[in-house]
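Analysis of the macromolecular model
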Amino acid sequence: MDQENRVFRNEEALPAEGAALPFGETAGSLTAAAPVRPHRKRRVDQEEIWGTALAAIPLIGFFLFGFIPLMMAFVMGFMDFSEAYGWSFDGAVLCGFDNFIFVLTDPQFWQAVLNTLIFGISTLISLVLALIIAYLLTRDVKGLAVWRIIFFVPYVCSTIALTLMWKEMFNPAWGIINQILGNTDLANGAINWTGEPTAFYCMVIIMSVWSGMGYGILLYSAALTNVDQSTVEAATIDGAGPFRIFFCVVLPTISPTTFYLLITGIIGLLQSFATTFTLGSSLTTQSLTIVYYMYNYMMAYDLGVAGAAAWVLAIFILIVTLIQFIGSKRWVKYD
């Protein structure tokens, strides 16, 4: 009945024969309207449910182990735990920005920043060596898969296990490094790798380069296979030499990979802790990193200073990352 009334009303609205139609209307647009069907709810299939659940796993992990601790550190940064018992909030009181002021004026914190930046030399060395080795592995090399595995294995091994291995190798009295150098007697000038600041810096950089280079080799090897060979051949025909082809054709093509490795390497560097902590060097000043600085205050139950240092580090990482993204517009080529 409703449908018949709707058709009747539309027929009444039609103009008389020979009359002019309203502006913008046609005879077809004034015909009876079709009945409106009720909107059906979209059916969610099982594949969509599983896809959403699996995609949510990293977000859940970040929320539990990243966002919540970060917010807790933010709250702790504004509290004084000197009257609290252990790692409890009982007895803690608000202290404003006192913890942040203490961190930013503490000479030990800035020494930790300096040490972290010095250890950061390993990131740049790893990038350069990884690119060179990956480029050489694109040549006709026998046992290419074996070489890639050999270079990549240190990256997937435990940092603690590798550090303990290198610690024995760099031992001043019986380590193989000093034996190769021909002197294991500290009294006669043997290098005290764990007791001299410069030697300690060099030891940590060598260890970091050796263990972190494999990841860069793997990514650079994949990026180099995507270099347009027709462009390389055209440059060769035009008379460009190997070095000119490498710097003018190959490097711009793999610049996104370089940018990614640089970003992740610097973020990982600013969060470094396990290597210097495991070494247990007597050089407490030179072995201190930013995260190590936070750890010391956590173990002293001064959660306020540790939380403030964590947020200073987070802001520092954010600033460095933003600078890298802004600067990447000048040298990263995505086409």
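All values reported here derive from a predicted model rather than from experimental measurement. (Residues numbered from 1 in each chain as written. Predicted model: local features only at pLDDT ≥ 70, side-chain atom pairs only at ≥ 80, totals over all residues. Heavy atoms only, no water.)

1. What about the packing of aromatic side chains?
The cut-off we apply is this: What counts as a ring pair is set by centres within 6.5 Å for rings of Phe, Tyr and Trp (its six-membered ring), and what kind of pair is set by the plane angle: stacked under 30 degrees, edge-to-face over 60, tilted for all other angles. Categorising residues by exposure relies on relative accessible area from a 1.4 Å probe, with only protein chains included: less than 20% of the type maximum marks a residue as buried, more than 50% marks it as exposed, and the intermediate range marks it as partly exposed.
Inspection of every chain in the model, using the stated rule, returns 29 aromatic pairs. Plain terms: the ring middles of Phe273 and Phe277 are 5.0 Å apart, the flat faces sit at 20° to each other, and that makes the pair stacked. We classify Phe277 as partly exposed; its relative accessible area is 35%. Through pairs of rings, three or more aromatic residues link up here, namely Phe74, Phe78, Phe97, Phe100 and Trp311.

2. Focus: the confidence of the model for the chain
So the rule is basically this: Within a predicted model, pLDDT stands for the predictor's per-residue confidence, ranging from 0 to 100. Residues count as neighbours in contact if any of their non-hydrogen atoms are within 4.5 Å of one another.
For the chain, mean pLDDT is 83; residues scoring 70 or higher make up 86% of the total. Throughout residues 1-14 the model reports pLDDT below 50, and contacts reaching past four residues in sequence, or to other chains, amount to nine contacts.

3. Brief notes about the packing of helix 7 (residues 159-169) against helix 9 (residues 197-224)
Put simply, the rule reads: As a rule, the C-alpha atoms of each element are fitted with a line to give its axis, helices using only the stretch in contact, and angles between N-to-C directions run from 0 to 180 degrees. Helix and strand assignments follow DSSP, with helices taken as H or I runs no shorter than four residues and strands as E runs no shorter than two, numbered in order from the N terminus. Note on angle classes: values under 35 degrees are labelled roughly parallel, values over 145 roughly antiparallel, values of 65 to 115 roughly perpendicular, and the remainder oblique. Note on convention: near helix rotated counterclockwise from far helix by under a right angle means a left-handed crossing. Clockwise means right-handed. Amino acid classes used here: Ala, Val, Leu, Ile, Met, Phe, Trp, Tyr, Cys and Pro are nonpolar; Asp, Glu, Lys and Arg are charged; the rest, including Gly, are polar.
Two elements in contact, helix 7 and helix 9, have axes whose closest approach is 11 Å; the angle formed by their N-to-C orientations is 135°. Considering the angle they form, helix 7 stands oblique to helix 9. Relative to helix 9, the crossing made by helix 7 is right-handed. Taken together, the residues of helix 9 that come into contact with helix 7 (itself represented by Leu162, Thr163, Met165 and Trp166) are Ile206, Met207, Trp210 and Ser211. Looking at the contact of helix 7 with helix 9 residue by residue, the classes come out as six nonpolar, two polar and no charged.

4. Examining unusual backbone geometry
Positioned with a positive phi, Tyr301 is a non-glycine residue whose angle comes to about 60°. By the element assignment, Tyr301 lies in the loop between helix 14 (290-299) and helix 15 (303-331). For Tyr301, a relative accessible area of 44% gives the class partly exposed.

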